[in-house]
Structures are given as structure tokens and as C-alpha cells.
Amino acid sequence: MPEKEKLRIDKYLWAIRQFKTRTLASDACKAGRVKLEGNNIKPSHEVKVGEVYQVAKGIERKVIKVTGLLENRTDAKTAVFFYEDITPVEQTHAFKSMFHAPVLKRDRGTGRPTKRDRREIDDLQGGFFEGEKREDE
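Bear in mind that the values here come from a model prediction, so they are computed numbers and not experimental data. (Residues numbered from 1 in each chain as written. Predicted model: local features only at pLDDT ≥ 70, side-chain atom pairs only at ≥ 80, totals over all residues. Heavy atoms only, no water.)

### Some remarks on the pattern of salt bridges
Piece 1. Inspection of the entire model under this criterion finds 6 salt bridges.
Piece 2. The partner of R8 in a salt bridge is D10, and the shortest N-O contact between them spans 3.1 Å.
Piece 3. Since its relative accessible area comes to 3%, D10 is described here as buried.
Piece 4. We note a salt bridge from K62 to E60, for which the minimum N-O separation is 3.7 Å.
Piece 5. In this structure K62 comes out as partly exposed when scored by relative accessible area, which is 22%. (Salt bridge = Lys/Arg side-chain N within 4 Å of Asp/Glu carboxyl O. Buried < 20%, exposed > 50% of the residue type's maximum accessible area, 1.4 Å probe, protein only.)

Written out as C-alpha cells, the structure is:
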């Protein structure tokens, strides 16, 4: 892979497949969703090997360390050699567990939940999120 000495952050994030298009990467930089040491950076910021960036994409938060400069977009298997994902496990787990949470939905027009319904809902949520049952059972 050809390596350059100077590379823009928007082009780098696009090349390592963090964003689908370079325009989306540039817009994320302009909106303050890409940070270096807690400071917002412009899309024209030059990437250096060893720098650590915080990238926010929707509800997903990643911490990326630059291990190499990649000028052109390549396949995902090759792109992973040019960055290291050092996102804390707590943030990664919180993001993934969000998709496994039960979806509670009541039928339209059924009115307020009764006391019994409320207890069943609380048991379901408590059992999933805390792994425990209520003590009075």
C-alpha cells in the first residue's frame, strides 16, 4: 500500500472505512464529532502516526490510534492494519447491549397499565438489566 507523509483526517477516516464517503467524514469533522485530545479538529488536519482520535458516529463512540497512513480506500481486511481500535470495553459493551434490550410495546388503546401489569413490566426490565428478580417473590 502506498504511504504518504501528509494526509488529511477526512481522507484518512474515509480510507480506513470509518465513514462511507469522504463528505460524511468531512461533515463529521466540521460538526465536532472528530476530536484530538478533546479538541475539535478541521477536515484539513494532518494525520500523524501515533495520534489518538475520538470519533462519534450516531450513538457509536470509537477511540482510534493511527498506526499507519492509508491514502486510498481499500477492503476492510487491509484497512484494519492502519489503525488500532482502543475504545474502552465499557463503551463497546454499552453500545452492543443496547441492541439486545427487550422492546416493550403496548397495544394502542389499551389504556394505562394496571398495577399488576406495571409489576410484570418492572420484573421483565429488572431481570434483564440487573439479572435479578424482585425480593418479594
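Read on for the rest.
### Thoughts on the nonpolar core
Piece 1. Within the largest apolar cluster, 23 residues are counted, with the highest numbers of intra-cluster contacts made by I9, Y12, L13, I16, V34 and Y53.
Piece 2. At the level of secondary structure, the elements contributing two or more residues to this core comprise α1 (9–15), α2 (22–30), β1 (34–36), β3 (52–57) and β4 (60–66).
Piece 3. In terms of residue count, α1 provides more of this core than any other element does, 4 residues in total.
Piece 4. Each residue touching I16, except ones within four places of it in the same chain, is listed here: I64, L70, A79, F82 and Y83. (Core = buried A, V, L, I, M, F, W, Y, C linked by side-chain atoms within 4.5 Å. Helix = DSSP H or I, 4+ residues; strand = E, 2+ residues; numbered from the N terminus. Contact = heavy atoms within 4.5 Å.)

### Some remarks on the packing of aromatic side chains
Piece 1. Applying the stated criterion to the full structure yields 0 aromatic pairs.
Piece 2. Just above the ring of F19 sits the side chain of K57; from NZ or CZ to the centre is 5.7 Å. (Phe/Tyr/Trp six-rings, centres within 6.5 Å; stacked < 30°, edge-to-face > 60°. Lys NZ or Arg CZ within 6 Å of the ring centre and 35° of its normal.)

### Some remarks on the sheet that holds β1
Piece 1. Across the sheet, 5 strands lie side by side as β2-β1-β3-β4-β5; this open sheet has antiparallel pairing. For this open sheet the edge positions go to β2 (39–40) and β5 (83–85), each flanked by a neighbour on one side alone.
Piece 2. In terms of strand pairing, β1 meets β3 through 3 bridges, oriented antiparallel. Bridge pairing in β3 links K35 to Q54. (Pairing = 2+ DSSP bridges.)

### Digging into unusual backbone geometry
Piece 1. The phi dihedral of R17 falls on the positive side, at around 70°, and the residue is not glycine.
Piece 2. Secondary-structure assignment places R17 in the loop between α1 and α2.
Piece 3. Here the phi dihedral of E37 falls at roughly 55°; this positive angle occurs in a residue that is not glycine.
Piece 4. With respect to the element layout, E37 can be found in the loop between β1 and β2.

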